[in-house]
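# Summary of structural features
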Number of protein chains: 2
Amino acid sequence: MEEQVEMVGRAFVDHYYLFDTDRASLSTLYQPTSMLSFEGQKLFGADDISSKLKQLPFDQSKHLISTIDSQPSSPTGGILVFVSDSLQLPGEDHHLRFSQMFHLIPTPEGSFFVQNDIFRLNYG
Amino acid sequence: MEEQVEMVGRAFVDHYYLFDTDRASLSTLYQPTSMLSFEGQKLFGADDISSKLKQLPFDQSKHLISTIDSQPSSPTGGILVFVSDSLQLPGEDHHLRFSQMFHLIPTPEGSFFVQNDIFRLNYG
């Protein structure tokens, strides 16, 4: 159980940070009930979240993931994934550090969707 | 609903960071099912979590909370609280930056307990 949660967390993060090269593919991870807090801005539902992610100036950014912590959120199969990471924007030498958490909920198809997503840059 | 979630998140964080002066009071926030990931170390249950928190060299540390983001985790009243913060240890001039997330679950008594707690320092 413990190991499975870790594996799902890592597989999700690998998939999510395809972000780097294929932002449009992320929209399938969210559902109408999903929520995103991005630097304090709140977005509700897959459509608004997807629009927001497409607008970010992070195209072709490089993610250097430093830690992933995963825990089961409930006895019904939800998983919390907490990522501490840095981001290198194209043409920039320095890195932006950020933390992000995801709450994954199992789907009837045996996959997961993102119910909660909270992103914050860590200013130095 | 939205505002209530924010209020609970803020009230919880205020209470939690009493940490600074009264670490023992925190143990009442956890239950036997609770989980803590502290810098990658996993602890299960109120007793082990409480022992860990008491061992931390953060007595009389000062917390300077910079952001709190809260979201409902489920239709049954759970709340996710994401904190980005810095910590000043006694006798130290510089700050340690960290991020921490809590998953709060309502109790039958109308309060909340911490089901999930993940803490990571953000190295510069």
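Presented here is a report on the structure given in the accompanying data block.

Let us look at the overall build of chain A. Tallying secondary structure elements over chain A gives two helices and six strands in all. Reading the secondary structure of chain A in the N-to-C direction produces α-β-β-α-β-β-β-β. Whereas a compact globule of 124 residues would reach a radius of gyration of roughly 14 Å, chain A reaches 14 Å, a difference of no more than 12%. Reported as C-alpha extents along the three principal axes, the dimensions of chain A are approximately 45 × 30 × 25 Å. Sequence-distant contacts in chain A: of pairs separated by 6 or more residues, those separated by 24 or more amount to 46%. If you sum the accessible surface of chain A, you get close to 6000 Å²; carbon and sulfur atoms cover 55% of it. In chain A, which carries 8 positive and 16 negative side-chain charges, the distance between the mean positions of the two groups comes to 6 Å.

Before going further, it helps to spend a moment on the sheet that holds strand β2 (residues 41–44) of chain A. Residues and elements named next belong to chain A. With respect to topology, six strands assemble into an open sheet ordered β2-β1-β6-β5-β4-β3, the strand pairing being mixed. The outermost strands of the open sheet, each flanked by one partner alone, are β2 and β3 (62–72). Direction aside, the axes of adjacent strands within the sheet are offset by 15° on average. Alignment of β3 against strand β4 (residues 79–88), held across 10 bridges, turns out to be antiparallel. Within β4, the residue paired with Q71 across the bridge is L80. The strands touched by helix α2 (residues 45–55) within the sheet are β1 (30–38) and β2, with β1 carrying the most contacts at an inclination of about 45°.

Counting through the fold element by element, Q71(A) comes out in strand β3. It is 8.8 Å that separates the C-alpha atoms of Q71(A) and F82(A), two residues lying 11 residues apart in sequence.

All names here are of chain A. Of the strand pairs in this sheet, β4 and strand β5 (residues 96–106) are connected by nine bridges, and their pairing is antiparallel. Looking at β5, one finds that D85 is bridged to F98. Two strands pair when backbone bridges link them, and β5 and strand β6 (residues 112–121) are joined in this way by nine bridges, in the antiparallel orientation. Residue pairing in the sheet places I105 in a bridge with F113 of β6. Here β5 folds back onto β6 in antiparallel fashion, the turn holding five residues, of which G110 has a positive phi close to 90°.

In this section: the sheet that holds strand β5 (residues 96–106) of chain B. All names here are of chain B. Pairing within the open sheet is mixed, and its six strands lie in the order β2-β1-β6-β5-β4-β3. Edge strands, defined here as strands with exactly one partner in the open sheet, are β2 (41–44) and β3 (62–72). On average, each strand axis in the sheet is tilted by 15° relative to the strand beside it, whichever way the strands run.

Residue and element names in this part refer to chain B. In terms of residue burial, strand β6 (residues 112–121) counts as a mostly covered element, since nine of its 10 residues are buried. As defined by bridge partners, strand β1 (residues 30–38) adjoins β6 across five bridges and the pair is classed as parallel. The residue bridging S37 from the neighbouring strand is I118, located in β6.

Inspection of every chain in the model, using the stated rule, returns four salt bridges over all chains. Here K42(B) makes a salt bridge to E6(A), at a shortest N to O gap of 2.4 Å. On the criterion of chain membership, the pair formed by K42(B) in strand β2 and E6(A) in helix α1 (residues 2–16) is interchain, its members lying in two chains. Note that R120(B) and D69(A) form a salt bridge whose closest N and O atoms lie 2.7 Å from each other. Of this pair, R120(B) sits in strand β6 while D69(A) sits in strand β3, placing the two residues on different chains. This pair shows no difference in class: R120(B) is buried, exactly as D69(A) is.

Conventions we followed
- Residues numbered from 1 in each chain as written.
- Chains lettered and ligands numbered in written order.
- Predicted model: local features only at pLDDT ≥ 70, side-chain atom pairs only at ≥ 80, totals over all residues.
- Heavy atoms only, no water.
- Helix = DSSP H or I, 4+ residues; strand = E, 2+ residues; numbered from the N terminus.
- Rg over C-alpha atoms; globule rule 2.2 N^0.38 Å.
- Contact = heavy atoms within 4.5 Å.
- Areas by Shrake-Rupley, 256 points an atom, 1.4 Å probe, with all protein chains shown as cover.
- Lys, Arg positive; Asp, Glu negative; His and termini not counted.
- Charge placed at Lys NZ, Arg CZ, Asp CG, Glu CD.
- Pairing = 2+ DSSP bridges.
- Axes fitted to C-alpha atoms, helices over the stretch in contact; angles between N-to-C directions.
- Buried < 20%, exposed > 50% of the residue type's maximum accessible area, 1.4 Å probe, protein only.
- Salt bridge = Lys/Arg side-chain N within 4 Å of Asp/Glu carboxyl O.

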